[in-house]
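The lines below spell out each chain.
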2 protein chains.
Amino acid sequence: MFRTKTCGELRIENVGEQVTLAGWVQRIRKMGGMTFVDLRDRYGITQLSFNQETNALVFDKANKLGREFVLQVRGTVVERYSKNANLPTGDIEINVEELNVLNESITPPFTIEEDTDGGDDIRMKYRYLDLRRECVRRNLELRHKMAFEVRRYLDEQGFLEVETPVLVNSTPEGARDFVVPSRMNQGQFYALPQSPQTLKQLLMVAGFDRYFQIVKCFRDEDLRADRQPEFTQIDCEMSFVEQEDILNMFEGMSRHLFKVIKGIDLPKLPRMTWADAMKYYGSDKPDTRFEMCFVELMDVLKGYGFSVFDNAQYIGGICAKGAASYTRKQIDQLTDFVKRPQVGAKGLVYARVEADGTVKSSVDKFYTQEVLQQLKEAMQAQAGDLILIISGDDTLKARKQLCELRLEMGTQLGLRDKNKYSCLWVIDFPMYEWSDEEQRLMAMHHPFTSPKPEDIPLLDTDPAAVRANAYDMVINGVEVGGGSIRIHDAKLQQKIFEILGFTPEQAQQKFGFLMNAFKYGAPPHGGLAYGLDRFVSLFAGLDSIRDCIAFPKNNQGRDVMLGAPGIIDQSQLDELQLEIKKEK
Amino acid sequence: MFRTKTCGELRIENVGEQVTLAGWVQRIRKMGGMTFVDLRDRYGITQLSFNQETNALVFDKANKLGREFVLQVRGTVVERYSKNANLPTGDIEINVEELNVLNESITPPFTIEEDTDGGDDIRMKYRYLDLRRECVRRNLELRHKMAFEVRRYLDEQGFLEVETPVLVNSTPEGARDFVVPSRMNQGQFYALPQSPQTLKQLLMVAGFDRYFQIVKCFRDEDLRADRQPEFTQIDCEMSFVEQEDILNMFEGMSRHLFKVIKGIDLPKLPRMTWADAMKYYGSDKPDTRFEMCFVELMDVLKGYGFSVFDNAQYIGGICAKGAASYTRKQIDQLTDFVKRPQVGAKGLVYARVEADGTVKSSVDKFYTQEVLQQLKEAMQAQAGDLILIISGDDTLKARKQLCELRLEMGTQLGLRDKNKYSCLWVIDFPMYEWSDEEQRLMAMHHPFTSPKPEDIPLLDTDPAAVRANAYDMVINGVEVGGGSIRIHDAKLQQKIFEILGFTPEQAQQKFGFLMNAFKYGAPPHGGLAYGLDRFVSLFAGLDSIRDCIAFPKNNQGRDVMLGAPGIIDQSQLDELQLEIKKEK
């Protein structure tokens, strides 16, 4: 070993010890006859001191060091004159007797500090330098720890981690696949899995009983801040279970993670139906760190001659506690916010509850104080509160607009603290949602999801009303996991495919291997998958999943450090019998 | 839950309990007014009994069951009349009161038994049924356990598991890459990683200090029994270490695995230089479960007029203890064995040591008894032993032939017990090997491997003689892991690339991102990678890695269950701007 101790472990008790450390030069301070160097490794920072009087040779050498040089030093642990209470090693320093430069460094393109001067692009190009920053490294340490604790918990619960293949077949439902041309089977392609969904169901058919896998999944989608072409799932499946068993098992897993990682005792998770989540929060992933639930106001505000409301299909309000002090300018900004194309509302109506209890609204000319008092009542608003109202022709869209406004108000009022966690299950999702694009019902979760037994009769009469045994775990408005009880009956599966518009031949061609497997004794089963990247981001309080991925890709799907993707040799294309079409 | 107990846990102490079990019908036996069903799940088998007298309705239902039906049963645990000592649950059975068929099964295409009647092809097509067989499932349970214990050990040693990307850039050295066309960057391709070699080195540059990952790797090679297009590595890297540190760390990991999984206390691993391994075993992965080391016989057997030996560049023998009793026919078979094209020897010379100590050889007409006694002496052969000799023009080839013969003799003499483990390190590999095909020196390990410091001067004068700081862990003749100390000096790396025949421009183009990273303070580092599939196979005593992979591919790289690879839609090709070339 190049060291006897790390840069993070020396304390006042070690004073007098001879030690050897190795690490990177974080900072150099020259003070007359003394030079101080902060030496950094993964474990911490230790101050080195070089004294011109006692060791001029080593002192001279130290004065030639630069930032990020790699050093090995031998010396004695001594107590510091001026201690640094912010540093675990801040009581001591190393009186260096021997200095060995293991490697030099040219000047880094940005500072290796918590607050770096490097922009996103340059930090990604030199990601190996960005990863030297403690704040970035800590995210990956957290990721390691979370993955390890997931494995520990599931292992203890009798789950087996089974690796499923990465080179699989292209699946027709869902997102776009990445494909891999096969050299040995020319003209044919593998696909990279969007998830091991069908494979884990086959493992249940195989009697594996409890399966999990922390596994890379792939989707060739246009990218957003919280999407990556490759991402990691905690993928789980259980046999002989009902929805209740799965919710309990994975509530337990989340409780374990919160306890061992964050030191938080998670209360029993509340459950909210999808219908309630949409009604009260306008979202299937409500941020329940704060209330501000929707109140429907059709009965209260219709019929007074305000045509916007009179013609609306939906009128809903939220009550922002204590926000009556909002200025006209602030309210104008909120109006602009909801009118942005990303939100898409036509406008915003507000009503202030004054100190004396009277209500003053932006639509006073249509409503008497009496009606406004009914509004106040309905909203359970009090003196000092601000009521914000959105209406629209389309209930779903209006709710989504109100949801955006609610989240914005939560942010403005400081109600979305990253260190506070609010977790819940959203249950009873609909089986289907209508696709305007495809002009057909689409599976909301995926086509293997089981309907609720009591809703099965509706499959024939009103499929859009059928609820699924499907559930999501939501934390702070983020869907961290979701799953369902699966169909294990081949006939029911056939019927679901029919409703999704597959002919029996298409269903056979696309999912034949799974439907065939179900003929040989499929057990009742179900499961779920967590997005590990999102889960870690939440625990780390990050805005983007990128910051908890060692080597993420940018919005063009590029790894700018590796230069991937790139051009390949013609010989590689020839072996694959592929040709790149010329642009026309 | 569909059950209160599993099929593996009930014992005599549970007699009298009301239980609910769920599982698959393994076997049905009808005996007059009684029907017995073996119910199977992942945890074991429990006998169910159905009694016509006490419950005719359920009895009738039971008689309509078929193999692999999925059942839920409720009943009472009772003591068996005739106990089955081979079954952990063999003392009890369930008196079934309620029978619920959860799913039916058509007749499986092969029997779900230890000794199945299904051939390889049909078992792969119905892998989900093959996985129901206990012997297959046990391999995957072992795999889970080994992976978990690897993680536990490395976590305790301060290693961080970091996920590296699967969509990377094509690497020019090594095997053939699988490539993935990029839709967002048309005409460009990602490659799937053959290993995370460069990425883990970048993590060392990033100061991660101790990294590991259990990770899928990909090689588009023509396949053999122990090769798969996708395989799993335990990939590790450490900073500020010398070879000795790495050997100790991973010897510790192997010791941990042998102890917790197999209950074996591994002795301190012997170390053998690559030169000795080649000299005494003709292989860089010697099977050291048995001795039978090579003895070079040039001095003993040259110059007596036997032209085959007189003209040979190499003559080597092995002594098969107690095999003097081999018949002429057996020796002819050995001769045929070494003459097979896969081995390629010209012939085989043998010498028997008779009971009286005299030696009788197949080349008696050239050698006096005196010389044959010298041979006996050199081979340390005793009465009853059989000496087998191979010679050739090419030392390396002759040794490889003798190696094959040695292994065959080891097998024939029962010296290769799968339950006995012999582990060692092979060290001091050469840096380079000559490629006849490429007509240049190739990196034996990979181009980032560090030469031994004392051999660096030879880089200029005799590069083929330079030894590397590279090492393999070998168990029972299988290379389970290997690695090296890496070069961390950009100038030395440049020189190595030159010797490998890269111009500075080529080196920059192919490895520029790594060489660039090394300019910013790369620490001394090294590591290794284990083949998890092989490691598990060894622990399970399997002949092929396929048996410890849930969904393996066949020799054509096909997953016959999924039907992958397959044809993709024209629209997918169009989006990727790709065309499949027509066969000419």
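Here the residue numbers are simple positions, counted from 1 along each chain's written sequence. Starting at A for chains and at 1 for ligands, labels are handed out in the order in which the entities are written. In keeping with the model being predicted, local features are shown solely for residues with a pLDDT of at least 70 and side-chain atom pairs are shown and tallied solely at 80 or more, while totals for entire chains, interfaces and linings include all residues. Note that the side-chain values use all heavy atoms of the structure and ignore hydrogens as well as water.

## Thoughts on the sheet that holds strand 13 (residues 314-320) of chain A
Residues and elements named next belong to chain A.
Argument step 1. Whether two strands pair depends on DSSP finding at least two bridges between them. Here a helix means four or more residues in a row that DSSP labels H or I, a strand means two or more in a row labelled E, and each is numbered from the N terminus. Pairing is antiparallel across the open sheet formed by five strands, whose spatial order is 12-13-16-14-15. Either end of the sheet is taken by a strand with one partner, and the two such strands are strand 12 (295-296) and strand 15 (359-361).
Argument step 2. Bridging between strand 13 and strand 16 (residues 386-392) involves seven bridges; their strand directions are antiparallel. Bridging across to strand 16, Cys 319 finds its partner in Ile 387.
Argument step 3. Residue contacts are defined here by distance: any two heavy atoms, one from each residue, within 4.5 Å place the two residues in contact. For helices, the fitted line uses only the C-alpha atoms of the stretch in contact; every axis is such a line through C-alpha atoms, and the angle between N-to-C directions lies from 0 to 180 degrees. Strands in contact with helix 10 (residues 328-339) are strand 14 (349-353) and strand 16; relative to strand 14, the strand with the most contacts, it is inclined by about 150°.

## Quick notes on the relation of the copies chain A and chain B
Argument step 1. Least squares is used to superpose the copies, and the fit set is the C-alpha atoms of residues whose pLDDT is at least 70 in both copies. Superposing chain A onto chain B takes a rotation of 180° combined with a translation of 0.0 Å along the rotation axis, leaving an RMSD of 0.1 Å. Both copies of the chain, as the preceding transformation shows, are related through a two-fold rotation axis.
Argument step 2. A share of 100% of interface residues in chain A that are also interface residues in chain B marks the association as one of identical surfaces.

## Description of helix 10 (residues 328-339) of chain B
Side chains of residues three or four places apart in an α-helix project in the same direction, reflecting 3.6 residues per turn.
Argument step 1. Between the first and last C-alpha of helix 10 of chain B there are 16 Å, a value that for twelve residues agrees with the 16 Å anticipated at 1.5 Å per step.
Argument step 2. In this structure, the buried residues of helix 10 of chain B make contact with strand 14 (349-353), strand 16 (386-392) and helix 12 (395-412) of chain B. Expected span of a helix, by definition, is 1.5 Å for each gap between consecutive residues, and there is one gap fewer than residues.

## Topic: the interface of chain A and chain B
Many descriptions give the size of an interface as the accessible area lost when the pieces come together.
Argument step 1. Facing the 124 residues of chain A at the interface are 124 residues of chain B.
Argument step 2. For the pair chain A and chain B, the summed buried surface comes to about 11,300 Å²; carbon and sulfur atoms form 60% of the total.
Argument step 3. Salt bridges are defined as contacts in which a side-chain nitrogen from Lys or Arg sits within 4 Å of a carboxyl oxygen from Asp or Glu. At the junction of chain A with chain B, the criterion picks out 14 salt bridges.
Argument step 4. Note that Arg 151 of chain A and Glu 161 of chain B form a salt bridge whose closest N and O atoms lie 3.6 Å from each other.
Argument step 5. Of all the elements, helix 4 (residues 134-156) of chain A adds the most residues to the side of chain A that touches chain B, at nine residues.
Argument step 6. Looking at side-chain class alone, the side of chain A that touches chain B contains 64 nonpolar, 26 polar and 34 charged residues.
Argument step 7. The pairing of strand 23 (residues 578-580) of chain A with strand 23 (residues 578-580) of chain B spans three bridges and is antiparallel. Here the quantity called buried area is the accessible surface, traced with a 1.4 Å probe, that two parts lose on coming together, added over both. In the scheme used here, Gly and all other residues not listed as nonpolar or charged are polar, with Ala, Val, Leu, Ile, Met, Phe, Trp, Tyr, Cys and Pro taken as nonpolar and Asp, Glu, Lys and Arg as charged.

## Some thoughts on the packing of helix 7 (residues 274-281) of chain A against helix 12 (residues 395-412) of chain A
Argument step 1. Relative to each other, helix 7 of chain A and helix 12 of chain A sit at 65°, their axes nearing to 8 Å. Side by side, helix 7 of chain A and helix 12 of chain A meet where Met 278, Lys 279 and Tyr 281 of chain A of the first sit next to Leu 396, Arg 399, Cys 403 and Arg 406 of chain A of the second.

## Regarding the environment of Asp 385 of chain A
Residue and element names in this part refer to chain A.
Argument step 1. Among the secondary structure elements, Asp 385 is positioned in the loop between helix 11 (369-379) and strand 16.
Argument step 2. Taking the C-alpha atoms as reference points, Asp 385 and Val 166, separated by 219 residues in sequence, lie 55 Å from one another.
Argument step 3. Apart from the residues within four sequence positions on either side, Asp 385 is in contact with Cys 319, Ala 320, Lys 321, Gly 322, Ala 323, Ala 324, Ala 351, Arg 352 and Val 353.
Argument step 4. Contacts described as polar in this section are N or O atom pairs within 3.5 Å, which, within protein, must combine one atom able to donate a hydrogen with one able to accept it, while residues neighboring in sequence count only if both atoms come from side chains. In terms of polar contacts, Asp 385 uses its side chain to reach the side chain of Lys 321, at 2.9 Å.
Argument step 5. A distance of 2.8 Å separates a polar side-chain atom of Asp 385 from the backbone nitrogen of Gln 382.

## Side note on the pairing of strand 9 (residues 210-218) of chain B
Each regular strand displays side chains that alternate between the two surfaces of the sheet.
Residues and elements named next belong to chain B.
Argument step 1. In terms of burial, strand 9 is largely enclosed, as nine of its nine residues are buried.
Argument step 2. In this scheme, a residue with accessible area under 20% of its type's maximum is buried, one over 50% is exposed, and one in between is partly exposed, where area comes from a 1.4 Å probe on protein chains only. Covered by surrounding structure in strand 9 are Arg 210, Phe 212, Ile 214, Lys 216 and Phe 218 together with Tyr 211, Gln 213, Val 215 and Cys 217, the residues of both alternating faces.
Argument step 3. Relative to strand 9, strand 6 (residues 160-161) runs parallel, the two being bridged by two bridges. Counterpart to Glu 161 in the pairing with strand 9 is Phe 212.
Argument step 4. Of the strand pairs in this sheet, strand 9 and strand 10 (residues 230-239) are connected by nine bridges, and their pairing is antiparallel. Residue pairing for strand 10: Arg 210 is matched across the bridge by Met 238.

## Some points on the sheet that holds strand 1 (residues 18-31) of chain A
Residue and element names in this part refer to chain A.
Argument step 1. Taken in spatial order, the five strands line up as 1-2-3-5-4 and close into a barrel, and their pairing is mixed. Across the sheet, the axes of successive neighbouring strands diverge by a mean angle of 55°, strand direction being ignored.
Argument step 2. In the sheet, strand 3 (residues 44-51) pairs with strand 5 (residues 92-103) via two bridges, with the strands oriented parallel. Residue pairing across strands places Leu 48 opposite Ile 94, the latter belonging to strand 5.

## Overview of helix 11 (residues 369-379) of chain B
All names here are of chain B.
Argument step 1. Along helix 11, the positions that sit buried rather than exposed are Val 371, Leu 372, Leu 375, Lys 376 and Met 379. Axial view of helix 11: buried residues confined to an arc of 150°, hence all on one face. Away from its buried face, by an angle of more than 90 degrees, helix 11 presents the exposed residues Glu 370 and Glu 377.
Argument step 2. Buried positions along helix 11 lie against strand 12 (295-296), helix 8 (298-301), strand 13 (314-320), strand 14, strand 15 (359-361) and strand 16. Directions from the helix axis toward the C-beta atoms define the arc.

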